[in-house]
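# Structural overview for review
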Amino acid sequence: MKDQIAELEQEIRDYPIQSKEELEQFRIAFIGSKGKIKGLFAAFKSVPNDQKKEVGQLLNQLRQLAESRHQELKDHLEEQETQESNLDLSRPGEVSPLGSHHPLSIVRREIIDIFARVGFTVSEGPEIEDDWHNFSALNFPPEHPARDMQDTFFIQKGEKEISLRTHTSSVQVRVMENQQPPIRTISPGRVYRNEAISARAHCFFHQVEGLYIDRDVSFADLKQILLYFAQELFGEKAQIRLRPSYFPFTEPSAEVDISCTICNTKGCNVCKYTGWLEILGCGMVDPNVLKASGIDPEVYSGYAFGMGIERIAQLKYKVNDLRLYSENDLRFLKQFTSA
Ligand code: DAH
């Protein structure tokens, strides 16, 4: 009897069941009123008395095993069935939420695109910079007050003092050191200034530097590229005006305004009733800068310009608080989703 029970137990465990029909066969074969377990219970009478207790227990366990296996498989098959009947192959797919490009990335790409169309390449340089590339090679003499204008973050590294670059003009020097003219390149990147954070100033922001060096490059070429840029970015009606200015690395230097994108020079509160908005600094590359970077100023000349990406984004999107660009507030960022 014990052998029979063991055999039956194995049979129950191995019984293959894939469908409801097979499950029903299983029930009839083992649990039903004419099933094998019932048969064993019937034969129980003839088990010798001294074995009845042990065999009885084994028989009960066998019955429990068959019943629980039946229940388990029944649940499993039912679950499968409901899953299958819920499967609607014609249902539209679930839309995954789309992220958005950061407004500064959108503007940076647009600027790169505009200059790429007229042959400018993109160059990059390190954010941790040495004095030579950030200042000296750009014609800032050691004690020159213009260095103070830049509120530099200095880092002491052993004997050497290095800094976080205060402008992307440092990349000009790196490009000229590694390449002879003709050079036509722009350098987008992050820059740092030791400023108290407010709506109008931040300790880091982004710039795009432009550089064009060749034979006979003139101030007229500079004006032309700036007008092209302003009109590509703000539309055909955009005008530019240049005001004399000072930068150590350009001579002559100018600051460039565009006609107010809101009132088109009539005067409004965005341009503070001047009709114009300042967008960048520029000039003819100082011969000292060419010399310092290994380019002969007797043969070559060139222009350079530099602009803040936040400033352009501010004009394009009317964002008046610089802090919004780095706070990662989704309510702000989501507004640029389809751009
Ligand atoms: N480097 C200047 C700044 O950070 C911007 C600039 C002005 C760059 C004039 C130029 C330039 O290349 O010609 O304020």
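Residues numbered from 1 in each chain as written. Predicted model: local features only at pLDDT ≥ 70, side-chain atom pairs only at ≥ 80, totals over all residues. Heavy atoms only, no water.

Domain assignment breaks the protein into domain 1 (2-84) and domain 2 (103-336). Spacing between the C-alpha centres of domain 1 and domain 2 amounts to 83 Å. (Domains from an automatic or database assignment.)

The next subject is the packing of helix α5 (residues 103-116) against helix α10 (residues 309-317). Between α5 and α10, the least distance of the axes is 9 Å, while the angle of their chain directions is 100°. The pairing of α5 with α10 is recorded here as roughly perpendicular in orientation. Where α5 abuts α10, its residues Pro103, Leu104, Ile106, Val107, Arg108, Glu110 and Ile111 lie against Ile309, Glu310, Ile312, Ala313, Lys316 and Tyr317. Tallied by class, the residues present in the contact of α5 with α10 amount to nine nonpolar, no polar and four charged. (Axes fitted to C-alpha atoms, helices over the stretch in contact; angles between N-to-C directions. Helix = DSSP H or I, 4+ residues; strand = E, 2+ residues; numbered from the N terminus. Parallel < 35°, antiparallel > 145°, perpendicular 65-115°, else oblique. Contact = heavy atoms within 4.5 Å. Nonpolar A, V, L, I, M, F, W, Y, C, P; charged D, E, K, R; others polar.)

The local shell around the ligand holds 15 residues, among which His167, Ser169, Arg193, Gln207 and Glu209 are the closest. Taking Gln172, its side chain carries an N or O atom lying 3.4 Å from an oxygen atom of the ligand. Here an oxygen atom of the ligand and a backbone polar atom of Phe305 are 3.4 Å apart. Relative to its unbound accessible surface of 350 Å², the ligand loses 90% to contact with the protein. (Near = heavy atom within 4 Å. Polar contact = N/O pair within 3.5 Å; in protein donor to acceptor, adjacent residues only side chain to side chain. Areas by Shrake-Rupley, 256 points an atom, 1.4 Å probe, with all protein chains shown as cover.)

All right, on to the sheet that holds strand β1 (residues 121-122) then. Strand order in the open sheet formed by seven strands is β1-β5-β6-β10-β9-β8-β7, with mixed pairing between adjacent strands. Looking along the sheet, the strands with just one partner apiece sit at the ends: β1 and β7 (240-247). Pairing of strand β9 (residues 276-285) with strand β10 (residues 301-308) involves five bridges; the strand directions are antiparallel. Opposite Gly281, over in β10, you have Gly306 as the bridge partner. Strand contacts of helix α7 (residues 169-178): β5 (183-192), β6 (204-214) and β10, with the helix running at about 35° to β6, the strand carrying the most contacts. Against the sheet, α10 engages β6, β8 (250-259), β9 and β10, with an angle of about 60° to β10. (Pairing = 2+ DSSP bridges.)

A few words now on helix α4 (residues 49-86). The terminal C-alpha atoms of α4, which comprises 38 residues, lie 56 Å apart, in line with the 56 Å expected from a rise of 1.5 Å per residue. Remark: the principal bend of α4, roughly 30°, maps to Val55. For α4, the full list of buried residues reads Val55, Gly56, Leu59, Leu62, Leu65, Ala66, Arg69, His70, Leu73 and Leu77. Packing partners of the buried residues in α4 comprise α1 (2-14), α2 (20-31) and α3 (36-43). (Expected span 1.5 Å × (residues − 1). Bend = angle between axes of the 7 residues up to and from the residue. Buried < 20%, exposed > 50% of the residue type's maximum accessible area, 1.4 Å probe, protein only.)

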